[in-house]
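Take a look at the letters that make up each chain.
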Protein chains: 2
Amino acid sequence: MNKVLLAIAFFLSCLLLISFKSNDWEISSDLTIDSLRKVYSQPSKFWPKPNVDKEVKFEELAGLQSTPIDLANDSIKRVIELGKLLFFDARLSGSNQISCATCHSPELSWADGKAVSLGHEQLPNIRNAPSLENVWVYNSLFWDGRAKSLVEQAEGPISAHNEMNQDLKSLAKKLNKIKGYKPYFTAAFGSSKITNQRIFESLATFQQTIVSGESSFDKFLKGDKNALTDQQLTGLHLFRTKARCMNCHHGAYFTDKDFHNIGLTEYGTKNEDLGLYNFTKKPEDVGKFKTPGLRNVMQTGPWFHQGSVKSMDSLMVLYNMGMPEHVVLPHQKDDPLVPKNDKLVRGIMLNVRERKAIIAFLEALSSPPVMIKAVQLPQ
Amino acid sequence: MNKVLLAIAFFLSCLLLISFKSNDWEISSDLTIDSLRKVYSQPSKFWPKPNVDKEVKFEELAGLQSTPIDLANDSIKRVIELGKLLFFDARLSGSNQISCATCHSPELSWADGKAVSLGHEQLPNIRNAPSLENVWVYNSLFWDGRAKSLVEQAEGPISAHNEMNQDLKSLAKKLNKIKGYKPYFTAAFGSSKITNQRIFESLATFQQTIVSGESSFDKFLKGDKNALTDQQLTGLHLFRTKARCMNCHHGAYFTDKDFHNIGLTEYGTKNEDLGLYNFTKKPEDVGKFKTPGLRNVMQTGPWFHQGSVKSMDSLMVLYNMGMPEHVVLPHQKDDPLVPKNDKLVRGIMLNVRERKAIIAFLEALSSPPVMIKAVQLPQ
């Protein structure tokens with residue numbers, strides 16, 4: 001059904017396309033790949049001005065930052081160690097069969113490769129499980145930002161009936177019965193007392209250590225001028241200019257950490273999801289979802305908050321057309337909740353070659369897969 | 001540890017490389033892409049002779065065949081319908097949390113994207129969960145071929161302690177208590193009696209309907225001469241000639257359905273897996289594993305029976321070097337079980353451009369992802 005609606009909206013967008021004007025951000029024909037390489041081989045402050053709307057406070061694309069977690073601090077290391085055990089322990093779920101890693105698997109770039117995860121008794125979630133890579137950069141968690149910290153966030157999936165379905169009242173009691181956990185809690189918190197708060201804190205601390213590795217783009221920024229292919233370099237330039245991606249996907253993590261309506265609310269249908277509005281109840285927040293970062297994005301499909309798009313080609317085509325827009329029905333004329341797409345999102349008229357170049361650039365944001373040794377759980 | 005051994009074996013193979021001679025299957029410089037397209041646009045009987053060893057009974061690459069299941073037959077349709085429900089029903093597992101689809105998810109090309117699946121209580125399997133796409137073509141099931149039919153195979157994962165962990169003695173009894181299943185069994189088998197045999201038969205019948213969709217390669221075979229790019233066409237030619245892939249990966253499904261030792265036994269280590277030998281106990285079968293088909297192979301990583309290789313580039317490099325070989329230690333001199341690589345596998349000296357062309361060709365074996373509607377399970 002999602003697909004049918006997307007298809008209809010997409011068709012309508014196509015009809016609108018004839019009224020679109022192309023913008024001025026073509027790669028001018030005198031800008032050869034050699035001159036492009038020369039320009040982008042300079043420090044980023046000398047790069048061409050990005051095509052970003054006036055109101056956008058953008059940060060330039062940049063190399064990986066360090067996590068705020070002090071990995072050299074022994075007492076923090078012990079909290080991380082405990083958090084890692086808890087993350088992989090299915091006994092945090094009501095059935096003892098589902099761990100955090102079930103939907104955030106290191107092998108699948110800390111996601112699960114599904115449109116929506118299947119949780120307790122195979123019940124579906126309503127949104128796509130986001131990758132946990134670089135989760136420390138966000139100021140708020142979940143697609144709708146309803147948790148203000150990773151500690152607050154941790155409670156959600158553990159207790160949700162369609163995720164881990166663990167009664168929170170008995171969570172700490174349950175872990176208390178696993179003798180092997182006591183030394184870990186003592187090491188991390190100074191006493192063997194197991195509380196939900198300590199569990200959530202350990203999980204949050206561990207999750208802040210989940211970060212992307214070095215990508216070709218980072219190598220390029222560090223001075224390896226050949227770390228990007230010609231096609232990837234063209235993609236970088238398009239990403240920053242004609243394609244307008246930088247309006248939302250900027251900075252070291254390719255996210256403004258903000259919320260936007262990109263036209264996927266499915267307003268008025270049984271799949272309706274109003275995102276941030278569900279949490280703030282402000283009409284201007286209808287349909288807004290968090291801007292995901294793009295490091296390792298090629299490994300974290302299917303994409304969008306419903307996981308509705310399985311190929312990056314299709315995703316590019318959707319953005320290229322300006323994304324589907326809700327068509328206001330007569331009875332919705334005065335409805336304050338009718339979703340309006342963010343003005344930053346609009347048709348960009350890239351040709352196939354240009355879209356492929358952007359995808360090639362996104363490939364350059366990939367880092368080698370993580371290898372996590374099997375965790376020996378306490379008994 | 002797997003990785004370390006692979007790395008050592010790989011390094012040894014590198015040392016051996018200097019003694020390798022290149023073969024005669026270079027794309028001769030006068031064979032332009034245009035002439036290649038001309039040659040391959042003819043019916044396959046006019047294609048260049050493949051580089052296949054004398055003893056290999058190869059079948060030419062070909063378009064999709066139809067499954068042996070009569071999809072128009074109403075009584076078979078009812079068995080398929082029941083089998084599909086059972087496939088997605090986690091109540092076939094001891095914990096009621098794990099279904100066949102947990103490790104063979106349609107969204108992940110009927111596999112799970114992991115090196116090895118995690119089953120009951122998150123226990124790891126020893127081998128990679130293979131995709132179920134086109135599973136009907138095989139004469140035997142499992143990586144080591146120990147099941148002679150899909151019906152026989154179905155019992156394995158359901159009962160295994162580290163997979164679905166369902167006591168087979170109580171399986172039929174358990175489903176008998178779900179009233180909603182009775183009409184489905186009656187429709188499929190003429191009586192509402194639920195038996196393990198009927199469960200396995202339905203699962204097997206449903207699995208025979210899991211097939212690849214049309215790929216670019218199929219379109220090319222049907223006469224769309226531009227369905228393969230120049231690079232993919234070069235890859236097709238290399239696949240059939242210089243790269244020797246056709247020695248094992250041939251026919252419509254790119255598999256000889258046979259078993260080969262490609263050097264991944266990890267003999268003498270704690271990860272040792274002797275494959276077909278475990279089942280037949282014949283020394284000549286040591287280290288042999290089934291040749292997987294290659295349709296949608298780009299979607300079914302990580303690859304090899306341990307799921308040890310996460311990038312197709314790395315996989316190509318391994319084959320290019322002739323795969324790792326077990327180095328016979330002094331005390332193993334007279335050991336009849338010392339694994340010997342299949343003679344069909346040997347270094348092929350492809351350059352980067354050639355390896356990329358083959359990967360591009362493998363991309364041309366991809367078909368659009370399946371969309372499976374959420375199944376409403378009987379209650």
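Residues numbered from 1 in each chain as written. Chains lettered and ligands numbered in written order. Predicted model: local features only at pLDDT ≥ 70, side-chain atom pairs only at ≥ 80, totals over all residues. Heavy atoms only, no water.

Under an unreviewed UniProt entry, the name given to chain A is Methylamine utilization protein MauG, and the organism recorded is Pedobacter xixiisoli. What UniProt states about chain A under its Subcellular location (unreviewed entry) heading is, verbatim, "Periplasm". Annotation of chain A in UniProt includes, under Pathway (unreviewed entry), the sentence "One-carbon metabolism; methylamine degradation." (UniProt positions renumbered as here; feature names shortened; annotations may be inferred.)

When you go through chain A residue by residue, the secondary structure sums to 13 helices and 2 strands. Computed over C-alpha atoms, the radius of gyration of chain A comes to 22 Å, within 12% of the 21 Å expected from 2.2 N^0.38 for 379 residues, which places it in the range of a compact globule. Overall size of chain A, expressed as C-alpha extent along the three principal axes, is 70 × 60 × 30 Å. The burial tally for chain A puts 53% of its 379 residues in the buried class. (Helix = DSSP H or I, 4+ residues; strand = E, 2+ residues; numbered from the N terminus. Rg over C-alpha atoms; globule rule 2.2 N^0.38 Å. Buried < 20%, exposed > 50% of the residue type's maximum accessible area, 1.4 Å probe, protein only.)

Taken together, the contacts link 23 residues of chain B with 23 residues of chain A. Joining chain B to chain A, the criterion identifies 0 salt bridges. On inspection of chain B and its partner chain A, the count reaches 10 residue pairs in polar contact (both at pLDDT 80 or more). Looking at the side of chain B that touches chain A residue by residue, the class counts come to 7 nonpolar, 10 polar and 6 charged. (Contact = heavy atoms within 4.5 Å. Salt bridge = Lys/Arg side-chain N within 4 Å of Asp/Glu carboxyl O. Polar contact = N/O pair within 3.5 Å; in protein donor to acceptor, adjacent residues only side chain to side chain. Nonpolar A, V, L, I, M, F, W, Y, C, P; charged D, E, K, R; others polar.)

All names here are of chain A. Where helix H10 (residues 230-240) meets helix H13 (residues 352-363), the closest approach of the two axes is 7 Å, and the angle between their N-to-C directions is 100 degrees. Considered as vectors, H10 and H13 are oriented roughly perpendicular to each other. Of the residues in H13, those touching H10 at Gln231, Gln232, Thr234, Gly235, Leu236, Leu238 and Phe239 are Arg353, Glu354, Lys356, Ala357, Ile358, Ala360, Phe361, Leu362 and Glu363. Residues belonging to the contact of H10 with H13 are distributed by class as follows: 8 nonpolar, 4 polar and 4 charged. (Axes fitted to C-alpha atoms, helices over the stretch in contact; angles between N-to-C directions. Parallel < 35°, antiparallel > 145°, perpendicular 65-115°, else oblique.)

How big an interface is tends to be stated in terms of the accessible area lost upon association of its parts. Residue and element names in this part refer to chain A. Under the domain assignment, chain A is made up of domain 1 (27-65 + 213-363) and domain 2 (74-207). If you average the C-alpha positions of domain 1 and of domain 2, the two centres end up 30 Å apart. For the pair domain 1 and domain 2, the two sides together bury roughly 1900 Å², of which 57% comes from carbon and sulfur. By the criterion of area lost to domain 2, the three top residues of domain 1 are Lys257, Phe279 and Lys290, representing 28% of everything that side buries. Where domain 1 packs against domain 2, one counts 1 salt bridge. For Asp273, the salt bridge goes to Arg127, with nearest N and O atoms at 2.7 Å. Taken together, domain 1 and domain 2 are joined by 7 residue pairs in polar contact (both at pLDDT 80 or more). (Domains from an automatic or database assignment. Buried area = accessible area lost by both parts, 1.4 Å probe.)

With that out of the way, let us pick up the UniProt feature "domain: Cytochrome c" (unreviewed entry) in chain A. All names here are of chain A. Mapped onto the present numbering, the UniProt feature "domain: Cytochrome c" (unreviewed entry) falls on residues 78-179 and 230-366. Taken as a whole, residues 78-179 contains 32% helix and 0% strand, while its terminal C-alpha atoms sit 17 Å from one another. Helix makes up 27% of residues 230-366 and strand 3%, with an end-to-end C-alpha separation of 17 Å.

Superposing chain B onto chain A takes a rotation of 180 degrees plus a shift of 0.0 Å along the axis, which leaves an RMSD of 0.0 Å. Such a combination of turn and shift is consistent with a two-fold rotation axis. With an isologous cut-off of 70% or more, the 100% of interface residues of chain B that recur at the interface of chain A puts this contact in the isologous class. (Least-squares fit on C-alpha atoms with pLDDT ≥ 70 in both.)

What follows covers the packing of aromatic side chains. Applying the stated criterion across every chain, the model contains 28 aromatic pairs over all chains. Look at Tyr181 of chain B and Phe185 of chain B: their rings are 6.0 Å apart centre to centre, the planes differ by 70 degrees, and that puts the pair in the edge-to-face class. The residues Tyr181 of chain B and Phe185 of chain B share a single accessibility class, namely buried. Taken together, the ring pairs in this structure connect Phe87, Phe88, Trp110 and Phe206 of chain A into an aromatic cluster. The residue whose ring lies beneath Lys290 of chain A is Tyr138 of chain A, and the NZ or CZ to ring-centre distance is 4.2 Å. When the ring centre of Tyr253 of chain A is taken as origin, the NZ or CZ atom of Arg295 of chain A, which lies over that ring, is 5.6 Å away. (Phe/Tyr/Trp six-rings, centres within 6.5 Å; stacked < 30°, edge-to-face > 60°. Lys NZ or Arg CZ within 6 Å of the ring centre and 35° of its normal.)

Attention shifts here to unusual backbone geometry. Residues and elements named next belong to chain A. The linkage connecting Gly301 with the following residue, Pro302, adopts the cis geometry, with an omega of -5 degrees. With respect to the element layout, Pro302 can be found in the loop between strand E2 (289-290) and helix H12 (312-320). Phi is positive for Phe142, close to 75 degrees, though the residue is something other than glycine. With respect to the secondary-structure elements, Phe142 resides in the loop between helix H4 (100-103) and helix H5 (150-159).

Moving on, we get to the environment of Asp273 of chain B. All names here are of chain B. You can see Asp273 is positioned in the loop between strand E1 (259-260) and helix H11 (276-280). Take Asp273: its relative accessible area is 8%, and that puts it in the buried class. Sequence separation between Asp273 and Lys288 is 15 residues; the distance between their C-alpha atoms is 9.4 Å. Once residues within four sequence positions are removed from consideration, Asp273 is found in contact with Ile126, Arg127, Thr265, Asn278, Gly287, Phe289 and His305.

All names here are of chain A. If you trace the backbone, Asn341 turns up in the loop between H12 and H13. The exposure class assigned to Asn341 is buried, which follows from its relative accessible area of 15%. Looking at Asn341, its side chain comes within polar contact range of the main-chain nitrogen of Gly263, at 3.4 Å. A distance of 2.9 Å separates a polar side-chain atom of Asn341 from the backbone oxygen of Pro324. Look past the residues within four positions of Asn341 in its chain and what remains in contact with it is Asn261, Ile262, Gly263, Gly322, Met323, Pro324 and Glu325.

Another point: the side chain of Arg37 of chain A. All names here are of chain A. Counting through the fold element by element, Arg37 comes out in helix H2 (residues 33-40). On the basis of relative accessibility, which here comes to 14%, the residue Arg37 falls in the buried class. Dropping the residues within four chain positions of it, Arg37 is found in contact with Phe220, Lys225, Asn226, Leu228, Thr229, Asp230 and Leu233.

What follows concerns the environment of Trp136 of chain A. All names here are of chain A. In this structure, Trp136 sits in the loop between H4 and H5. Sequence separation between Trp136 and Leu150 is 14 residues, and the spatial gap between their C-alpha atoms is 8.0 Å. Setting aside residues no more than four positions away along its own chain, Trp136 makes contact with Gln65, Ser66, Thr67, Pro68, Gln208, Val211 and Tyr253.

Right, let's get into H2 of chain A. Residues and elements named next belong to chain A. Taken residue by residue, H2 has Leu36, Arg37 and Tyr40 as its buried positions. Buried residues of H2, viewed axially, fall in a sector of 100 degrees; they line one side. Across H2 from its buried face, at more than 90 degrees, point the exposed residues Asp34 and Lys38. Packed against the buried residues of H2 are helix H9 (216-221) and H10. (Arc of directions from axis to C-beta.)

Another point: the packing of helix H6 (residues 168-176) of chain A against helix H8 (residues 196-207) of chain A. The geometry of a pair of packed helices is captured by two quantities: the angle between their axes and the separation between those axes. Residue and element names in this part refer to chain A. Axis separation between H6 and H8 bottoms out at 9 Å; the angle between their running directions is 80 degrees. Judged by the angle between their axes, H6 and H8 are roughly perpendicular. Taking contact as the criterion, the partners of Leu168, Leu171, Ala172 and Leu175 in H6 are, on H8, Asn196, Ile199 and Phe200. Among the residues making up the contact of H6 with H8, the classes are represented as 6 nonpolar, 1 polar and no charged.

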